[in-house]
Amino acid sequence: MNRINPDGQNNIASMRKAAQACAHRHLFHMMPPQGWTNDPNGFVYYSGSYHLFYQHNPYAAQFGIIHWGHAKSADLVRWEPLPVALAPDQPYDAGGCFSGSSVVHNGKLYVFYTGNDKDSIQTQCLAISEDGLHFQKYENNPVIAAPPEAVKPTQFRDPCVFRRGERFYMVVGAENKGCRGQVIVYISDDLLNWSYLNTITAGDDTLGYMWECPNLFFQDDRAVLILSPQGITGYPQFNSSHDSGYFVGHFDEATGAFTHGGFHKLDPGFDFYAPQIAANIPDRSVITAWMSTWETPAPTSAHHWAGSMILPREVRVKGDRLLFAPVREIEKYLKPVIAVGAVSGGELPPLEAAAGRLRVSAENKDFTIRLFCSADGREYTEISYSADICAINLDLSHSGEAARGTRSVTLEYAPDILDIYLDRSSVEVFINGGEYVMTARVFPHQGSSGIRILGEAVFQNVSLWGFAVHP
Ligand code: FRU
């Protein structure tokens, strides 16, 4: 069947119309045409396009009947919506087609996902596509019908499949019966038959109870394990019950053991969860993530859509840390509005369509930048620097609808360049060449598009680019 329910089509058409008219729709971030999204899934380069699937409820702008939504892109910036790829139409996935990943093999696209049945029993399942558009669920699903004895069968999900040499590996997130997170690894020669290899690593009581959405990727001689732990308590900087981080280490392909250093936060902003590295891109590691968390408000639900993805980032491993840069393809869409030399305070021209990039090179003094400002100055999203503690703060307490508090990150050295990407209802701040990125959804009221610089700092350079839909 593999189709969304035809009875829902009218509803979908009217939801879609309302969603498209919403002032918070992005220009360069992937979002559902209508309805809900949470995690990105199956991110892959296949047959000349980037494909991004996503956890999707097509019928309502809230979590519910979870399908795999589907979009594709030529350049990771502009996304074209495609028909739903997977619908929950089998007993083993009747409670939702949960998160997973893609592998390209013999010209076909293999997508692995978690079948969540009506009792929330979770198994790992496969669907195959020969054209990147139509997906056939494998007749012998599930390919992994039960976790090892130590793992809860209702907390066993989000397969990430990759190839090393002649073998395929699948890492799966889990909660064990001692209420700790762990990642399990399976191996296969043909993507159809899987055998258990090991627990690659497991958490202690500081690292939450369930590890969602594991991703293992490789760069040079390092392996990086990305995780989204639930209920993390013991790590400073992890200030939400859903957050994402990573370990850098080494993966032993023979035993399936992963040895690693400390756990680092991925994004010290507000809204970044369930990240995933794209498969099958030969020359770079590209990450995307849900630009939200389970705690993020979603006022766009009133307009029949909710959730979006970050601007994909290129990831580089440096020592035991990751560095991030926005995908280079964004450059061709950015058109200069102004470029000025030394600036100390003042108002910049508002960005047409409230989308583009602000770049400032700062000096080591306190400064404040206000974005999405209303004409009366009462509404704004604020980025500030506290020189005495070398911290960048992202303050959403005056950001409009569903305003929130402040998040901060302490830097190792004073900020030099800040690259701030704005897209109508999002802000992504790249600090010091991508050593840190702070991401948030904001919901400014209509007309709040001013940009102001305050404080005593002198910026050596300030430049502003608008986003051109047709470069
Ligand atoms: C993470 C998550 C996954 C699960 C999916 C369900 O946000 O809870 O673990 O597969 O969302 O939509």
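Higher on the page you've got the structure.
Residues numbered from 1 in each chain as written. Predicted model: local features only at pLDDT ≥ 70, side-chain atom pairs only at ≥ 80, totals over all residues. Heavy atoms only, no water.

**Topic: the overall build of the chain**
Right, on to step 1. When helices and strands are counted, the chain shows one helix and 34 strands.
Right, on to step 2. Against the compact-globule benchmark of 23 Å for 471 residues, the chain has a radius of gyration of 22 Å, which places it among compact chains.
Right, on to step 3. Here the C-alpha coordinates of the chain stretch approximately 65 × 50 × 40 Å along the principal axes.
Right, on to step 4. Every one of the 471 residues in the chain was classed for burial, and the buried ones make up 61%.
Right, on to step 5. Across the chain, every contact between residues at least 6 apart in sequence was considered, and the portion connecting residues at least 24 apart equals 58%.
Right, on to step 6. Of the roughly 17500 Å² of accessible surface on the chain, 50% is carried by carbon and sulfur atoms. (Helix = DSSP H or I, 4+ residues; strand = E, 2+ residues; numbered from the N terminus. Rg over C-alpha atoms; globule rule 2.2 N^0.38 Å. Buried < 20%, exposed > 50% of the residue type's maximum accessible area, 1.4 Å probe, protein only. Contact = heavy atoms within 4.5 Å. Areas by Shrake-Rupley, 256 points an atom, 1.4 Å probe, with all protein chains shown as cover.)

**A word on the site of the ligand**
Right, on to step 1. Every residue lining the ligand is accounted for by N38, D39, Q55, F63, F98, S99, R157, D158, E212, Y273 and W294.
Right, on to step 2. The contact in question runs from an oxygen atom of the ligand to an N or O atom on the backbone of S99, over 3.1 Å.
Right, on to step 3. Between the ligand and W294, the relevant distance is 2.9 Å, taken from an oxygen atom to a side-chain nitrogen or oxygen of the residue.
Right, on to step 4. Coverage of the ligand by the protein chains reaches 95% of its 320 Å² of free accessible surface.
Right, on to step 5. At the level of elements, β1 (35-46), β5 (97-105) and β9 (151-164) are the ones that each hand at least two residues to the shell around the ligand. (Near = heavy atom within 4 Å. Polar contact = N/O pair within 3.5 Å; in protein donor to acceptor, adjacent residues only side chain to side chain.)

**Some remarks on the sheet that holds strand β24 (residues 346-348)**
The strands that make up a sheet are held in pairs by hydrogen bonds between backbone atoms, and each pair lies either parallel or antiparallel.
Right, on to step 1. With respect to topology, six strands assemble into an open sheet ordered β24-β33-β26-β27-β28-β29, the strand pairing being antiparallel. Strand pairing shows two members of the sheet lacking a second neighbour, β24 and β29 (406-410), which therefore form its edges. Each strand axis lies, on average, 15 degrees off the axis of its neighbour in the sheet, ignoring direction.
Right, on to step 2. Where strand β26 (residues 367-373) meets strand β27 (residues 381-386), five bridges bridge the pair, whose relative direction is antiparallel. Its bridge partner lying in β27, T368 is registered against S384. (Pairing = 2+ DSSP bridges. Axes fitted to C-alpha atoms, helices over the stretch in contact; angles between N-to-C directions.)

**Some details on the side chain of T123**
Right, on to step 1. Take T123: it is sitting in strand β7 (residues 122-129).
Right, on to step 2. If near-sequence neighbours (up to four positions away) are discounted, T123 is found in contact with Y92, Y113, T114, G115, P142, I144 and A145.

**Let's talk about the packing of aromatic side chains**
What characterises a pair of aromatic rings is the spacing of the ring centres plus the angle enclosed by the ring planes.
Right, on to step 1. Per the counting criterion, the structure on display carries 26 aromatic pairs.
Right, on to step 2. Measuring from centroid to centroid gives 5.2 Å for F367 and F459, while their planes differ by 65 degrees, and the two rings are edge-to-face. Separated by 92 residues along the polypeptide, F367 in strand β26 and F459 in the loop between β33 (450-454) and β34 (461-467) bring together distant segments of the chain. In terms of burial, F367 and F459 fall into one category: buried.
Right, on to step 3. Here the guanidinium or amino end of R25 rests over the ring plane of W305, the centre of that ring lying 4.6 Å away. (Phe/Tyr/Trp six-rings, centres within 6.5 Å; stacked < 30°, edge-to-face > 60°. Lys NZ or Arg CZ within 6 Å of the ring centre and 35° of its normal.)

**Some words on the environment of I389**
Right, on to step 1. Following the sequence through the fold, I389 ends up in the loop between β27 and β28 (391-395).
Right, on to step 2. Placed 25 residues apart in sequence, I389 and A414 show a C-alpha to C-alpha distance of 9.6 Å.

**Looking at the nonpolar core**
Right, on to step 1. Counting residues in hydrophobic clusters, the biggest one holds 42 residues, and the most contacted among them are F28, L322 and F467.
Right, on to step 2. Counting only elements with at least two residues in this core, the list comes to β2 (49-57), β14 (222-230), β15 (245-251), β19 (285-290), β21 (313-318), β22 (321-326) and β34.
Right, on to step 3. In terms of nonpolar packing, the next biggest core, distinct from the first, is built from 35 residues, F270, L358, L411 and I451 among them. (Core = buried A, V, L, I, M, F, W, Y, C linked by side-chain atoms within 4.5 Å.)

**Overview of unusual backbone geometry**
Right, on to step 1. Of the consecutive residues N141 and P142, the connecting peptide bond is found in the cis state with omega at -5 degrees.
Right, on to step 2. As for its position among the elements, P142 is in the loop between β8 (136-137) and β9.
Right, on to step 3. One non-glycine residue, L76, lies in the positive phi region at around 70 degrees.
Right, on to step 4. With respect to the helices and strands, the residue L76 is situated in the loop between β3 (67-73) and β4 (80-86).
Right, on to step 5. Phi at A402 takes a positive value of approximately 50 degrees, unusual for a residue other than glycine.
Right, on to step 6. With respect to the secondary-structure elements, A402 resides in the loop between β28 and β29.

**Overview of the sheet that holds strand β23 (residues 334-340)**
Right, on to step 1. Strand order in the open sheet formed by six strands is β23-β34-β25-β30-β31-β32, and the pairing between neighbours is antiparallel. Strands at the two margins of the open sheet, each flanked by one partner only, are β23 and β32 (436-441). If you compare each strand with its neighbour and ignore which way they point, the axes differ by 15 degrees on average.
Right, on to step 2. As judged from the six bridges shared by strand β31 (residues 426-431) and β32, these two strands associate in the antiparallel manner.

**Focus on the pattern of salt bridges**
Right, on to step 1. Summed over all chains, the structure comprises 22 salt bridges.
Right, on to step 2. With a closest N to O distance of 3.8 Å, E130 and K108 form a salt bridge. Taken together, the positions of E130 in the loop between β7 and β8 and K108 in strand β6 (residues 108-116) put the pair 22 residues apart, joining distant regions of the chain.
Right, on to step 3. With a relative accessible area of 29%, K108 lands in the partly exposed category. (Salt bridge = Lys/Arg side-chain N within 4 Å of Asp/Glu carboxyl O.)

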